[in-house]
Amino acid sequence: MTLLLFLSQAIRIAVPYLFAAGGGVLAERAGIVSLSLEGYMLGGAFGAAIGAHVTGSAWAGLAAGVACGALLGSLHALCTIRFRADQIVTGVAINLFVVGITRFFLQLAFDSSSNSPRVAGFGGEGAGAWALAANPLVWLGILTMPVLGVVIYRTTFGLRARAVGEHPAAAESLGIRVSAVRYAAVIGSGALASLGGVYLTLDQHQFTDSMTAGRGFIALAAVIFGRWDPKRAGIACLLFAAAETLQIQLQGAQLIPSQFVAMIPYVLTIVAVAGVVGRSTPPAALGRAAD
Amino acid sequence: MTAATTGTGDLAIRIRAVDKWFGAVHANRAADLEVVRNEINALVGENGAGKSTLMKIVSGLQPPDRGTIEVNGRDVTGWSTAEAIRAGVGMVHQHFMLVPTLSVAENVVLGREPGGRAMFDRAQAIRDVESLVASSGLAVDANRLVADLSVGEAQRVEILKTLYRGARILLLDEPTAVLSPPEVADLWRVLRRVRDQGTTIVLITHKLDEIMAVTDRITVMRQGATVARMVTKESTPEGVARAMVGRDVSLAVQSSAAQVSADTAPALEIRNLTVRGARVARAVNEVSLAVRPGEILGIAGVEGNGQSELLDAIVGFRAAEGGSLRLGGADLTRASVRARADAGLAHIPEDRHHRGLILDYSIAENLILGLQHRFSTGAQLDRAKIRANAEQQVRAFDIRPTDPALAVRGLSGGNQQKVVIARELSREFSVLVAAQPTRGVDVGAIEFIHDALRKARNAGKAILLVSAELREILTLSDRIAVMYGGRIVTEFARADATEEVLGPFMTGARRDGAAA
C-alpha cells in the first residue's frame, strides 16, 4: 500500500515535468533554447483557470491554457527567429513577463493577489490512486514522451527538425524552410509545456500566484540530463519526481535536510553536463539564429 | 572575352551582368558566365574573386542585386533553393552541408523524404540511396552515421544528394580541397561518368592541374568580374594563371632541395610524441622526427590524420601524453607557449583567423602580437616604434593596403597571411613551424610566401612545414614525411618523392612502419 501511495504521488509530481520537458525537447532539437518552459507552464496554468472559471468546464480550461502556451511560444519564436534576439535573454524575459501579467490579470479577473476561486478540474476527490487515474491529463502526460519519440524519430517533421537543430544551413540548402520548421517546433513546445501548468490548475482546482514554482527549470534540467532524447528525458522526469516524493515522505523523519533532496535534479544535471554519465552533446545549432 | 561563343540554345546556364554586394564588399561586378550543356566548365580565380558568390546566386542561396540568371533558357533570376533544386540545379558546397548526427540515407533524402506526408519511410530511403549508389558508382554505406565518414565519403554523400534530386546541372565548390590524390582521381572518374550521362558541371577551383585535366571550358574571374573564357584544349596553365592574377606567375614545381648532413645537430627533435585528440585517444601516436638547421621537413597527409594535434603539441597549446620535444638541445616538453617562443620557436598557425590574427586590431598591432614586450617601455606601448616596425614590414612583405592603421579584417586572405608571416619571421627564432602557410591565399601571394620560407631556410633556420597541399610540400621540402592515422608512416628525400609515390601512403594503402 505504501508502494502504491509512493507511485501515485511520484506520478502526480512527474506529470507536469513530462509535459514541460517534452516541450523542451521539441524546441531544443530544432535549435531554440527553452529557458521559457517555466513561463509556458505558468501561462498555461492561468489560462486554464480563466477558461474553467468562465465556462465551468475543465476541458475548456484545458483549451484556453494550451492556447496561452501556444501564444507565448509564438512570442518566443517571433523574437528569436524573426528578430533573431538572443534566445536565452528572450527566454528569461518571457518568464518574467508571464509572472507579471498573470499577477495583473489575477487581480483584474478575480480581485485577488494570491489565488483564483475554485474552478472546475479533473480527477476525483482526495490524493489517492483512483483520483489520479480519473484525471485524463495524467494519461496524456504518461503518453507524452513515447508519442514525442515517434514524432522526432519517425516523422518527416521530426527528421527536418533534427536537421534544422544540427545544421540549419544544410537544411536550408536542401530547400527546407528552416524558419517554418522552427516556428512549428517552438509553438508546439509552448503548447505542450503549457499542459504542465494546465494540469497543476485543474488538479488543484485553482490558480495560485507563481504556482509553477520553478518546475519549468527542473524540466529543462531533465531535458539536458536526458541528452535531448524523449525517452531519456522522460526517465529523468520520473527520477526527479521520485526523488521529490522521497523528500516529502522523509520530511517527517528529518533524516537529511529537505533542501538537499530538492537539489537532486540540479546536482544530477551538473553531473550529466560535466560528462560523468557519458557525453552530453546538445544539438549543434542550439541557441544560434539561422543565417 | 576570347572567341568561344556558342548559340544560346546550348547553354545550361547564362548569367549576365550580375552585381552582388555584401555590405561594402562588391563581391560580383557585372559578372558573366555561360556554361554549355553537357560540359565540365571550370570557374577559376583567386580567393575573393567572387566565384562562390556567383554559384550561390545560381543555386538560389543568394539573390543578385542586379543582372539576370537564365537556366536552360528560362529567366530564373532571384529564385529560391527549392526552385533551383526542382529545376535540377544541385550544389556541392566547399564546406560540407551534411548533418553529422543523421545517417547517410537521411542526409540524402532530407527535404524530399519518401513516405506519406507525415511519416518518414526510412526503409524506402535506404533502398533509394542504395540503388543510387549502385548506378552512380559513388560507394558509401547508406546506414552509416555521417559523423563517422571520411572526408572523401562525405563528399560522395554530397554528390548523391544532388543526384537524388535529379540534378542535371551540378555546381561543385572546390571539391578536391580536402581529398587525397586517389580520392581526387575517383572523383574525376565519377564526374566524367555523370557528364557523359548528360549532366552539366561547373567546377570552382584554383588548382591549375585539375582545370587542365578534367574540364572542357574555363571561365576566369578576377575581383568579382569575368575576365576570360577559354576552351581548355586551346589554353595553357600559364595563360590561365596570367588571367587569374593579371600578370605572369611562375608555376613550376621548383625544387631546390638543400642537402643537410645527417650529423648536424637537429634544431627541433621530437621523440615518441603521443598526443590525445578531441575524439581519439592517440591523435598523435609515437611520432619521432628531427629538423636540422637549413632544411625544410614537409609533412604530407590528408587533413585529420593528427597533423593539427602534432602542431598544437609542438607549439604548446596541447600537452603531450608521452614522449619528448627538444629545441636546440633544451627539453621543452612541458614548457609554456611563451617559454617555447622565447627559446626560438616561431609559428604560422593553420587557421589565421582562429590563432594568427585579431581581426579587429590594426595591421600594426597584429604585427607585434606576442612581441609586445619588445615594443613597450614599462606598461606603455611605444606607438612610434610600433608604427615604424609596421611601415617597414608592410614594405618588406608587400602588404596591401599599405596603411598600417587599417583593421586586418578588411584585408584579403593573402595579405592577412602576409601579416602573420611578417610577424613570425621578425622574431628571433631558430625553428619555424609553418602550418598550411598558403591556405586560402591567392596565386601571387603563394609565390611570395614560398620565397620567404626558402629565404628563411637558406638563412639557416629549421622549418617544419605541414600542408594538405601535396604540391606545396613537393615545392618547398628538402625531406618529406607522410602522416597517416597519427603516425609518421614513411619518409623520403625530396628527390625520391613524387605524387605517385606519396599517394598510397597518404591513404594508408601502404606503410613502412614507423620510420623516423
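Position numbers for residues start from 1 in each chain and track the written sequence from start to end. In the order they appear in the text, chains get letters beginning with A and ligands get numbers beginning with 1. Confidence filtering applies because this is a predicted model: local features only for residues at pLDDT of at least 70, side-chain atom pairs given and counted only at 80 or more, and all residues used for totals across whole chains, interfaces and linings. In computing side-chain properties, one takes all heavy atoms of the structure into account and sets aside hydrogens as well as water.

K.L.:
What should I look at first to understand a nonpolar patch on the surface in this one?
P.N.:
Patch rule: a residue counts if its relative accessible area is over 30% and it has no salt bridge; like charges are joined within 9 Å, and nonpolar side chains (Val, Leu, Ile, Met, Phe, Trp, Tyr) within 5 Å. For the area figures, the Shrake-Rupley method with a 1.4 Å probe applies, and any residue is considered shielded solely by the protein chains shown. A side-chain nitrogen of Lys or Arg and a carboxyl oxygen of Asp or Glu constitute a salt bridge if their distance falls within 4 Å. Together, Leu75(A), Phe97(A), Ile101(A), Phe104(A), Phe105(A) and Leu108(A) make up a nonpolar patch on the protein surface, roughly 550 Å² of accessible area in all. A helix here means a DSSP run of H or I that spans at least four residues, while a strand means a run of E at least two residues long, and both kinds are numbered starting from the N terminus. You can see Phe105(A) is positioned in helix α4 (residues 87-110).

K.L.:
Is there a simple way to explain helix α14 (residues 413-425) of chain B in this structure?
P.N.:
Note that an α-helix has 3.6 residues per turn; residues three or four places apart therefore point the same way. With 13 residues, α14(B) should cover 18 Å at 1.5 Å per step; its first-to-last C-alpha distance of 18 Å lies within 8% of that length. For α14(B), every residue scored as buried is listed here: Gly414(B), Asn415(B), Gln416(B), Gln417(B), Lys418(B), Val419(B), Val420(B), Ile421(B), Ala422(B), Arg423(B) and Glu424(B). Expected span, for any helix, means 1.5 Å times one less than how many residues it has. With a 1.4 Å probe rolled over the protein chains alone, any residue whose accessible area is under 20% of its type maximum counts as buried; one over 50% counts as exposed, and the rest are partly exposed.

K.L.:
Explain the domain arrangement of chain B to me, please; I cannot follow it from the model alone.
P.N.:
Interfaces are frequently sized by the accessible area removed from exposure as the parts join. Residue and element names in this part refer to chain B. You can read the domains of chain B as domain 1 (8-245) and domain 2 (268-344 + 428-515). In this entry, domain limits derive from an automatic or database-based domain assignment. In this structure, domain 1 and domain 2 have C-alpha centres spaced 33 Å apart. Two parts lose some accessible area (1.4 Å probe) when they are put together, and adding that loss for both gives the buried area. Of the roughly 990 Å² buried at the junction of domain 1 and domain 2 (both faces included), carbon and sulfur atoms supply 62%. For the pair domain 1 and domain 2, the interface holds zero salt bridges. Those elements that provide at least two residues to the side of domain 1 that touches domain 2 are α6 (181-196) and α8 (237-245). The classification used treats Ala, Val, Leu, Ile, Met, Phe, Trp, Tyr, Cys and Pro as nonpolar, Asp, Glu, Lys and Arg as charged, and all other residues, Gly among them, as polar. For the side of domain 1 that touches domain 2, the class distribution of residues is six nonpolar, two polar and three charged.

K.L.:
Please clarify how the pattern of salt bridges should be interpreted in this entry.
P.N.:
Pairs can form between side chains of opposite charge whenever their charged atoms are close. Residue and element names in this part refer to chain B. Taken as a whole and assessed by the stated rule, the structure comprises 33 salt bridges over all chains. A salt bridge links Glu 153 to Arg 144; its shortest N-O distance comes to 3.2 Å. Glu 153 sits in the buried class, given a relative accessible area of 17%. Salt bridges sharing common partners tie together Arg 292, Glu 295, Arg 479 and Glu 491.

K.L.:
Would you mind going over the packing of aromatic side chains with me for this structure?
P.N.:
Any aromatic ring pair is given by two values, namely how distant the centres are and how the planes are angled relative to each other. Pairing of aromatic rings covers Phe, Tyr and Trp, the last counted by its six-membered ring, and requires centre-to-centre distances within 6.5 Å; plane angles under 30 degrees mean stacked, over 60 mean edge-to-face, and any other angle means tilted. Evaluated as defined, the whole model comprises six aromatic pairs over all chains. Their ring planes at 80° and their centres at 5.0 Å tell us that Phe46(A) and Phe207(A) sit as a pair that is edge-to-face. Of this pair, Phe46(A) sits in helix α2 (residues 37-55) while Phe207(A) sits in the loop between α9 (178-204) and α10 (215-225), and the two are 161 residues apart along the sequence. Here Phe492(B) and Phe505(B) contribute two aromatic rings whose centre-to-centre distance is 5.7 Å and whose plane-to-plane angle is 70°, an arrangement assigned as edge-to-face. On the criterion of sequence distance, the pair formed by Phe492(B) in strand β22 (residues 487-493) and Phe505(B) in helix α17 (residues 499-506) is long-range, its members being 13 residues apart. A ring is scored as having a charge over it whenever the NZ atom of a lysine or the CZ atom of an arginine sits within 6 Å of its centre and within 35 degrees of its normal. Directly above the ring of Phe375(B) sits Lys385(B), whose terminal nitrogen or CZ lies 5.5 Å from the centroid. Over the face of the ring belonging to Phe429(B) we find Lys461(B), whose NZ or CZ atom lies 4.6 Å from the ring centre.

K.L.:
Before we go on, may I ask you to explain empty space enclosed by the protein in this structure?
P.N.:
Left-over empty space is what a probe sized like a water molecule reveals as it rolls over the atoms. Each cavity reported here is a set of points on a 1 Å grid over the protein atoms alone in which a 1.4 Å probe fits but cannot get out, each pocket an open set with protein on both sides within 12 Å along at least five of seven lines, and each lining residue one with an atom within 4 Å of a point. Grid points are joined across faces, edges and corners, and a volume is the space filled by probe spheres set on the points. Counted under the stated rule, the structure contains four cavities of 30 Å³ or more. Lining the largest cavity are 18 residues; nearest its centre among them are Ser173(A), Leu174(A), Ile85(B), Gly90(B) and Met91(B). For the lining of the largest cavity, a count of residues per class yields eight nonpolar, seven polar and three charged. The computed volume of the second largest cavity comes to approximately 40 Å³. Every residue lining the second largest cavity is listed: Val25(A), Leu26(A), Arg29(A), Val151(A), Ile152(A), Phe157(A), Gly158(A), Ala161(A) and Arg162(A). Mapped onto the lining of the second largest cavity, the elements with two or more residues apiece are α1 (2-29), α6 (136-154) and α7 (156-166) of chain A. By residue class, the composition of the lining of the second largest cavity is six nonpolar, one polar and two charged.

K.L.:
Got a minute to help me understand the pairing of strand β20 (residues 462-466) of chain B in this structure?
P.N.:
Each regular strand shows side chains that alternate between the opposite faces of the sheet. Residue and element names in this part refer to chain B. Among the five residues that make up β20, five are buried, leaving the element largely enclosed by the rest of the structure. Residues of β20 alternate between two faces, with Ala 462, Leu 464 and Val 466 on one and Ile 463 and Leu 465 on the opposite face, all of them buried. For strand β19 (residues 431-435) and β20, the ladder comprises five bridges, and the chain directions are parallel. Looking at β20, one finds that Leu 432 is bridged to Ile 463. Consider the strands pointing away from the viewer: the crossover is right-handed when the path from the first strand over the helix to the second runs clockwise. Handedness of the β-α-β unit built from β19, helix α15 (residues 443-458) and β20 comes out right-handed. Should DSSP find at least two bridges between two strands, the strands are taken to pair.

K.L.:
Is there a simple way to think about the sheet that holds strand β3 (residues 40-44) of chain B in this case?
P.N.:
Adjacent strands of a sheet form backbone hydrogen bonds with each other and so pair up, either parallel or antiparallel. Residues and elements named next belong to chain B. Strand order in the open sheet formed by six strands is β6-β7-β8-β3-β9-β10, and the pairing between neighbours is mixed. Because the sheet does not close on itself, it has two edges, and the strands there are β6 (89-92) and β10 (225-231). When the angles between neighbouring strand axes are averaged without regard to direction, this sheet yields 20°. On top of the sheet, helix α5 (residues 151-164) reaches β6 and β7 (169-173); it is set at about 170° to β6, its chief contact. In this description, contact between two residues means that some pair of their heavy atoms is separated by no more than 4.5 Å. Note on geometry: axes are C-alpha line fits, over the in-contact stretch for helices, and angles between N-to-C directions span 0 to 180 degrees. Packing of α6 onto the sheet brings it into contact with β3, β7 and β8 (200-205), and relative to β8 it is tilted by some 150°.

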